[in-house]
Amino acid sequence: MKVGAGQAFREMRSAASAFQPGDVLYGRLRPYLNKVWCATFAGACSGELIVIRPSIELEARYLAFLLHSDAFVEFASHAVSGDRPRIDFGTMGDYPVPVPPINVQRWIVARIDELFAEIDDGEAALARAQDDLAMWRKALLKAAVTGELTADWRAANPPIETGVELVNRILEERAHIASKRLGKRRDKAPEEITSAQQRLLWPAPDG
């Protein structure tokens, strides 16, 4: 909750806590959910949030990134138990916090921001590529069903027989193969094929 002008937090009757810009707010309920926020304005929050005010030797966003780390999440998750586990500041205080010089902390924060920006750019590029792929698939399908996809090939390879001629040729070849399998003469006409031979022929579609 953001505190408005003319209303002091001390005048409220609440179990909430005040926070200032630069404070780090940590959700104490179910720490495995990893709820961390670096405040950008002054306000008040419920008792379910722990307000951490970094010293001048600790960069707020550096601390926020540290609380987001897998190592701290694992530590906090194993430090509490129950169906509604809550961690307190005293328990969090057992976690060792590496504190390099403030300029190094700021460099780490800046580098993390750069890497996150690269990830965002990569995800945006991937989304664009997926959209382009979907459009390409639609265009390819349209070209296939309209004949555009094989137009050049068909122009360079005109048909040498009609569909009827092709079907008749296939039937003759199948009849010839069936005759050979039953030991008949190669020149036996298709109409002389027995019922036993006919069962060896594949039925051709009517259309």
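As shown above, the structure is provided for reference.
What you are looking at is a predicted structure, and each value in this text was computed from that prediction instead of being measured.

Rules and cut-offs
- Residues numbered from 1 in each chain as written.
- Predicted model: local features only at pLDDT ≥ 70, side-chain atom pairs only at ≥ 80, totals over all residues.
- Heavy atoms only, no water.
- Core = buried A, V, L, I, M, F, W, Y, C linked by side-chain atoms within 4.5 Å.
- Buried < 20%, exposed > 50% of the residue type's maximum accessible area, 1.4 Å probe, protein only.
- Helix = DSSP H or I, 4+ residues; strand = E, 2+ residues; numbered from the N terminus.
- Contact = heavy atoms within 4.5 Å.
- Phe/Tyr/Trp six-rings, centres within 6.5 Å; stacked < 30°, edge-to-face > 60°.
- Pairing = 2+ DSSP bridges.
- Axes fitted to C-alpha atoms, helices over the stretch in contact; angles between N-to-C directions.
- 1 Å grid on protein atoms, 1.4 Å probe; cavity = no way out; pocket = protein on both sides within 12 Å on 5 of 7 lines; lining within 4 Å.
- Points joined across faces, edges and corners; volume = space filled by probe spheres on them.
- Nonpolar A, V, L, I, M, F, W, Y, C, P; charged D, E, K, R; others polar.

**Focus on the nonpolar core**
By size, the foremost hydrophobic cluster in this structure holds 20 residues, and its most contacted members are Val24, Tyr26, Ile52, Leu67, Phe72 and Met92. Counting residues per element, the ones that place at least two in this core are strand S2 (24-27), strand S3 (36-38), strand S5 (49-52), helix H1 (60-68) and helix H2 (70-79). The element best represented in this core is H1, accounting for 6 residues. With sequence-adjacent residues up to four places away left out, Phe72 is seen in contact with Tyr26, Leu66, Leu67, Met92 and Tyr95.

**What about the environment of Arg86?**
Structurally, Arg86 can be placed in the loop between H2 and helix H3 (89-92). Judged by relative accessible area, Arg86 falls into the partly exposed class, the value being 31%. Arg86 sits 38 residues away from Glu48 along the chain, and the two C-alpha atoms are 8.5 Å apart. Sequence-distant contacts of Arg86, that is, excluding residues within four places in its chain, are made with Arg28, Leu29, Glu48 and Val80.

**A look at the packing of aromatic side chains**
This model, assessed by the stated rule, comprises 8 aromatic pairs. Relative to Tyr95, the ring of Phe75 lies with its centre 5.1 Å away and its plane at 50°, an arrangement referred to as tilted. Pair noted here: Phe75 is in helix H2 and Tyr95 is in the loop between H3 and helix H4 (102-146), with a separation of 20 residues, a long-range link.

**Remarks on the sheet that holds S5**
In a beta sheet, neighbouring strands pair by backbone hydrogen bonds and run either parallel or antiparallel. Reading across the sheet, the 3 strands line up as S3-S2-S5 and stay open at both edges, with antiparallel pairing between neighbours. This sheet does not close on itself; its edge strands, each paired only once, are S3 and S5. With direction set aside, neighbouring strand axes in the sheet form an average angle of 20°. For S2 and S5, the ladder comprises 4 bridges, and the chain directions are antiparallel. When the bridges of S5 are listed, Val24 appears paired with Ile52.

**Remarks on the layout of surface pockets**
In this structure, the largest pocket spans a volume of roughly 170 Å³. Ranked by residue count, the leading element in the lining of the largest pocket is H1, at 3 residues. A breakdown of the residues in the lining of the largest pocket according to their chemical character gives 10 nonpolar, 1 polar and no charged.

What is shown is where atoms sit, not what they do.
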